[in-house]
Amino acid sequence: MRVRSGGLIVGRADGGDAWLQMDGFYNDFTLELEFRTPEACNGGVQIRSHWLPKEVDLKPNVFYGYQYNIDTGEKGGTGVIIDQNGDGGLVVASPEAQKAVKATDWNHMRIEARGNVMSLWINGVKANHINDEKFLGGHIALQVMPLEEGIGEIHYRNIKINDLGRTGDWRS
């Protein structure tokens, strides 16, 4: 991943996942950003995530936690919430939010995480809402993952995180 002038982050993966982790550890927050995929691509926004321990026999540099999927190569792939390296897909995006995704143009994503409740909006349309307390805090990261062709690219910009102040690992 690289940052271009004006704060544009270009994530390009060639043969494996690429990550850009934000500084800090976030529990309750809102996150807003814009993304676009010049060509069909897979990636996403990891939240409340952690690196897999080195002793785990998987690929290096792999996160576990929630991923808000960006997948413009698969119909309905954007907006799916995934338990990355865990239980897989947790909830899909609403049909209205799926229709709101612009495949190669800029899209706005808003994620809100408060306690065990997480919600997602795509281009102002409510995509989904989930109650899950498996991960109540962790890192935020941007991801790009190549499709079968071997290269993937996602552009991110206008990233805003509002830390809502809760700390600790309480359970609801």
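A few points on the structure. Note that the coordinates shown come from a computational prediction; the quantities given were computed from them, not determined experimentally.

### Some words on the environment of Tyr66
Looking at where Tyr66 falls in the secondary structure, it is placed in strand E6 (residues 63-71). Relative accessible area serves as the criterion here: at 1%, Tyr66 is assigned to the buried category. Distance from Tyr66 to Phe135, taken between C-alpha atoms, is 7.7 Å for residues 69 residues apart in sequence. There is a polar contact of 2.6 Å between the side chain of Tyr66 and the side chain of Asp132.

### A closer look at the nonpolar core
Formed by 30 residues in total, the largest nonpolar core has its most connected members in Val45, Ile47, Tyr68, Met109 and Ile111. Looking at this core, the element that brings in the most residues is strand E4 (residues 29-36), giving four residues. Once residues within four sequence positions are removed from consideration, Met109 is found in contact with Leu31, Glu32, Leu33, Phe35, Val45, Tyr68, Asn69, Ile70, Leu120 and Trp121.

### Examining the pattern of salt bridges
The full count for this structure, using the stated rule, is six salt bridges. Put simply, Asp28 and Arg48 hold a salt bridge, and the shortest N to O gap is 3.2 Å. Here the residue Asp28 occupies a position in the loop between strand E3 (18-21) and E4, and Arg48 occupies one in strand E5 (residues 42-51), the gap between them amounting to 20 residues. Given the relative accessible area of 0%, Arg48 is considered buried. Measuring nitrogen to oxygen at the nearest pair gives 3.0 Å for the salt bridge that ties Arg114 to Glu112. Salt bridges linked by common partners bring Glu32, Arg110, Glu112 and Arg114 together as one network.

### Here's the deal with unusual backbone geometry
One non-glycine residue, Asn123, lies in the positive phi region at around 50 degrees. Tracing the backbone through its elements, the reader meets Asn123 in the loop between strand E10 (117-122) and strand E11 (125-131). The residue Asn158 is not glycine, and still its phi comes out positive at about 50 degrees. Its place among the elements puts Asn158 in strand E13 (residues 151-163). On the basis of relative accessibility, which here comes to 45%, the residue Asn158 falls in the partly exposed class.

### As for the sheet that holds E6
In sheet architecture, strand pairing relies on hydrogen bonds along the backbone and comes in two forms, parallel and antiparallel. Pairing in this open sheet of six strands is antiparallel, and the strands run E3-E12-E5-E6-E7-E8 from one edge to the other. Edge positions in the sheet fall to E3 and strand E8 (88-91), since each of these pairs with one other strand and no more. Each strand of the sheet is rotated relative to its neighbour by a mean of 30 degrees, with strand direction disregarded. With four bridges connecting them, E6 and strand E7 (residues 81-84) associate as antiparallel partners. When the sheet's bridge partners are listed, Tyr66 is paired in E7 with Asp83.

Analysis parameters
- Residues numbered from 1 in each chain as written.
- Predicted model: local features only at pLDDT ≥ 70, side-chain atom pairs only at ≥ 80, totals over all residues.
- Heavy atoms only, no water.
- Helix = DSSP H or I, 4+ residues; strand = E, 2+ residues; numbered from the N terminus.
- Buried < 20%, exposed > 50% of the residue type's maximum accessible area, 1.4 Å probe, protein only.
- Polar contact = N/O pair within 3.5 Å; in protein donor to acceptor, adjacent residues only side chain to side chain.
- Core = buried A, V, L, I, M, F, W, Y, C linked by side-chain atoms within 4.5 Å.
- Contact = heavy atoms within 4.5 Å.
- Salt bridge = Lys/Arg side-chain N within 4 Å of Asp/Glu carboxyl O.
- Pairing = 2+ DSSP bridges.
- Axes fitted to C-alpha atoms, helices over the stretch in contact; angles between N-to-C directions.

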